[in-house]
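Descriptive analysis of the structure
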Amino acid sequence: MSATTLPLSTITSVGWPSGSSLGYYDEEAQRISDLIDEGLKQEALRRKDARKKEVRVLLLGQAESGKSTLHKQFQLFYASQTLEQERPSWRAVVYLNILRAIRTIVKGLELAISQTLDGSPDSNSFVGSLKDEIRDELSHLEISLQPLLDMEVPLSSELNGGLSGRVSAYVRTGWQSLINPRLSTREKQPETHEMKLVSEALRTTRPTIESLWCHPIVVGMIARRKLRLEDSAPFFLDNIHRITETEYIPTTDDILRVRMETLGVVEHSLSVRQGGLDYTWRMYDVSGARGHRHAWVPFFDDATAILFLAPISGFDQQLEEDSKINRLEDSLQLFTAICSNKLLQNASLIVLLNKIDLLKQKLQNGRKVRKYVPSYGNRPNTYESVSQYFRAHFSRVHSRHDEGHRGLFVHFTSMLDIQATHIVIRDVGEAILRKHISEAGLA
Ligand SMILES: Nc1nc2c(ncn2[C@@H]2O[C@H](COP(=O)(O)OP(=O)(O)OP(=O)(O)O)[C@@H](O)[C@H]2O)c(=O)[nH]1
Ligand SMILES: [Mg+2]
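Residues numbered from 1 in each chain as written. Chains lettered and ligands numbered in written order. Predicted model: local features only at pLDDT ≥ 70, side-chain atom pairs only at ≥ 80, totals over all residues.

Some points on the overall build of the protein chain
Across its full length, the protein chain holds 19 helices and eight strands. Out of the 443 residues in the protein chain, the part that is buried amounts to 31%. Taking the intrachain contacts of the protein chain between residues at least 6 apart in sequence as the baseline, contacts between residues at least 24 apart amount to 76%. (Helix = DSSP H or I, 4+ residues; strand = E, 2+ residues; numbered from the N terminus. Buried ≥ 20, exposed ≤ 12 C-beta atoms within 10 Å, placed from the backbone. Contact = placed C-beta atoms within 7 Å.)

Here it is as C-alpha cells:
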C-alpha cells in the first residue's frame, strides 16, 4: 500500500501526535528544513574555512626537469620524518638506476662493436679502430654482466606492482609499500626475494661494473657523447662500492639523485605552519613527458601557484621522447603555453631555472653555448653571462604572453643543494602564502 492511500488514523497510530492540526506539521517541517539549512550553511562555512587554509601548488615542467626532486626537498623541509620512513624503499630504485645505466653502456658498446665487426665502421666512431683484444675484453665484461641485467625487468615489475612492459619505475601514490610492505612500522624490513637477488648480484659483479665504468673506451664514448646516460648515472656508478655494501641504506643525497619517472599526476599533502596558522599545501607533481601533458589540465582550476621548472643545463640536449626537439626550446614553448593559459591566470608564477650545477660543469668543460643556441653569438661563455641570457628569454616570454599580468619570480637552483634549495623554498613559500592570505581574506 502506498503512503498516499493511508487514512490519517493509520498515520497517527504509528506515533504521530494525535488530534493535532495540519499547522503542527507545517511548523515541524519548517523546523526540520531550518535545521537542514543551518547544517548546510555550517558545512559551507567549514569548507570555505578549510579552503582558505589550503594552498594548491602545481609543479610543472618538462620530463627530467626536477619536479619530483623539488617535491622531495619540500618533504625534507616540512616533513623530514616522512622521508625518513621512506628511506629504505629508495634502495630498490637506486639499484634500478644502476642497472639502467649499465644497460645503456652495454647497448652503446654492442652497437659500436657490431659496427666494427660489420667491416663498415663509422669513420667518426671512436671504437672504429678497436683492436681485437680490446673488443674481446669488452665482450667478456658484457657477458659477465648479462645475468645482472636480466634482473632489471623483474625488479621494475615489482616496483610497479606487477605491471611490466617498459623497464622503469614510476612515482605514484603508495609505490613504497610494494617494496617495503611494513612502511609504517619502522621495524627492520625483510628483503623481498627480488631485492635479495639483485643486491647479491650487484655485490658479486661489483669489480666487473667498476672495470666497465672506468674502461678507457667507455670513458672516451661518454666524453664524445656517444652514450646518453641519465644525469645521475655517473654519481651512482662512482659510488658503486658504497651502494653494494650489505647494510646499504640510501643517503639523502642518493634519494635526491635517484631518477623515478612520475606517472600521471600525483597529489602530495604537506602540513605547513606559517605565521601562527596551519595550512595544508596540496602539491601536484605531474609527468612532464610530451605525451602526458594533457593530463595536467583538470588540476589547473583554483591553483594558488605554479612552480615551473626549466633545466637550463639542457641547452645542448634533446628530449628523450622526441630527439628532434631541443630541451631548452621545449621548456620555452611550454612556458609560453603556461603563461598564456586562461585557466591559470590567477596563479602566482614562479620559475626555477634548474640544474645550474650541471650547467656550470658543462661550461667549465668547454661546451660552447653558441654552437647549440646560435643567437648567443659571441657573448662570453661564462656561467654569469649564459644564465642571465637564458633568464632574459624566460622573462621575455612572460612579458609577451602573460595573460594575468602577474609579477614573475625567477630563481636559479640546483635541487641537489639542500641548503640553497631550502632558502628558495622558504622565500617561495612566503611569497605564495602572502598572496593566498590577501586573496582569501585571511589577513
Ligand atoms: N645535477 C642535477 N640533477 C638534478 C637536479 N634536479 C633534478 N636532478 C636530477 O634529474 C633527474 C630527474 O629529476 P626528476 O625530479 O625525476 O624530474 P621530473 O621533472 O619529476 O621528471 P618527470 O617525472 O619525468 O616529469 C633526477 O635524477 C634528479 O636527481 C639538479 O638541479 N641538478
Ligand atoms: Mg617526476
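A word on the domain arrangement of the protein chain
Considered domain by domain, the protein chain is made up of domain 1 (56–84 + 262–435) and domain 2 (88–257). Counting residues at the interface gives 13 residues for domain 1, matched by nine residues for domain 2. When residues in the side of domain 1 that touches domain 2 are grouped by element, the largest group, four residues, is from helix 3 (residues 67–78). Residue composition of the side of domain 1 that touches domain 2, grouped by class: seven nonpolar, four polar and two charged. (Domains from an automatic or database assignment. Nonpolar A, V, L, I, M, F, W, Y, C, P; charged D, E, K, R; others polar.)

A few points about the nonpolar core
Counting 82 residues, the largest nonpolar core has L59, I98, I306, L307 and F308 as its most contacted members. For this core, the element with the highest residue contribution is helix 5 (residues 90–117), accounting for 14 residues. The two domains that each donate at least three residues to this core are domain 1 (56–84 + 262–435) and domain 2 (88–257). (Core = buried A, V, L, I, M, F, W, Y, C linked by C-beta atoms within 7 Å.)

Some points on the site of ligand 1
For ligand 1, the set of nearby residues contains 25 residues, the closest of which are G66, S68, T262, G288 and M415. Residue assignment for the shell around ligand 1 shows that the elements contributing at least two residues are helix 3, helix 14 (252–257), strand 3 (261–262) and helix 16 (356–364). Here the shell around ligand 1 gets three residues from one element, more than from any other, and that element is helix 3. Both domains that meet at the shell around ligand 1, namely domain 1 (56–84 + 262–435) and domain 2 (88–257), each give it at least three residues. (Near = placed C-beta within 6 Å.)

Digging into the sheet that holds strand 8 (residues 408–412)
Spatial ordering of the open sheet is given by 4-5-1-6-7-8, a layout of six strands whose pairing is mixed. Only two strands of the sheet have a single neighbouring strand rather than two, namely strand 4 (265–274) and strand 8. The sheet shows a mean angle of 20° between the axes of neighbouring strands, taken without regard to direction. Two strands pair when backbone bridges link them, and strand 7 (residues 348–354) and strand 8 are joined in this way by five bridges, in the parallel orientation. (Pairing = 2+ DSSP bridges. Axes fitted to C-alpha atoms, helices over the stretch in contact; angles between N-to-C directions.)

As for helix 11 (residues 216–223)
All buried positions along helix 11 are accounted for by I217, V218 and M221. Along helix 11, the residues classed as buried sweep out an arc of 95° about the axis, all on the same side. Away from its buried face, by an angle of more than 90 degrees, helix 11 presents the exposed residues P216, V219 and A223. Just downstream of helix 11 lies R225, where phi reads positive at about 55°. (Arc of directions from axis to C-beta.)

What about the pairing of strand 5 (residues 277–286)?
Strand residues, when the strand is regular, have side chains that alternate between the two faces of the sheet. Here six bridges tie strand 1 (residues 54–60) to strand 5, and the two strands are oriented parallel to one another. Paired with V57 across the two strands is M283, which belongs to strand 5. In this structure, strand 4 lies alongside strand 5, joined through 10 bridges in antiparallel fashion. Among the inter-strand pairings, V265 is bridged to a residue of strand 5, identified as V286. A loop of two residues connects strand 4 with strand 5, the two strands running antiparallel in sequence, and G275 in this loop sits at a positive phi of about 55°.

Notes on the environment of I437
Along the polypeptide, I437 turns up in helix 19 (residues 418–440). The partly exposed category is assigned to I437, around which 17 C-beta atoms lie within 10 Å.

So, the packing of helix 15 (residues 327–339) against helix 18 (residues 383–401)
Interhelical geometry of helix 15 versus helix 18 gives an angle of 30° and a closest axis separation of 9 Å. The angle between helix 15 and helix 18 falls in the class roughly parallel. Crossing handedness for the pair helix 15 and helix 18: right-handed. Together, L332, F335, T336 and C339 of helix 15 and H393, F394, V397, H398 and H401 of helix 18 make up the contact between the two elements. For the contact of helix 15 with helix 18, the residue count by class is five nonpolar, four polar and no charged. (Parallel < 35°, antiparallel > 145°, perpendicular 65-115°, else oblique. Left-handed = near helix turned anticlockwise from the far one by under 90°.)

Thoughts on the environment of R228
Within the secondary structure, R228 sits in the loop between helix 11 and helix 12 (233–238). For R228, a count of 13 C-beta atoms within 10 Å corresponds to the partly exposed category. Separated by 88 residues in sequence, R228 and D316 place their C-alpha atoms 12 Å apart.

A closer look at the packing of helix 6 (residues 132–149) against helix 10 (residues 206–213)
Between two packed helices, the angle of one axis relative to the other and the distance separating the axes together describe the packing. Their axes nearest at 10 Å, the elements helix 6 and helix 10 cross at an angle of 140°. One element, helix 6, and the other, helix 10, form an angle in the oblique class. As for how helix 6 packs across helix 10, the hand of that crossing is left-handed. On helix 10, the residues touching L141, S144 and L145 of helix 6 are T208, S211 and L212. For the contact of helix 6 with helix 10, the residue count by class is three nonpolar, three polar and no charged.

Topic: the confidence of the model for the protein chain
Scored by pLDDT, the protein chain has a mean of 85; 84% of the residues are at 70 or more. Scored as a whole, the predicted complex attains pTM 0.84, and scored at its interfaces, ipTM 0.99. (pLDDT = per-residue confidence, 0-100.)

A few points about the UniProt feature "binding site: Mg(2+)" (unreviewed entry) in the protein chain
UniProt's feature table lists "binding site: Mg(2+)" (unreviewed entry) at S68 and T262, given in the numbering used throughout. A stretch of 195 residues holds the annotated residues, and the largest C-alpha distance among them is 7.5 Å, short enough that they meet in one place. Structurally, S68 can be placed in helix 3. Tracing the chain through its elements places T262 in strand 3. We classify T262 as buried; it has 20 C-beta atoms within 10 Å. (UniProt positions renumbered as here; feature names shortened; annotations may be inferred.)

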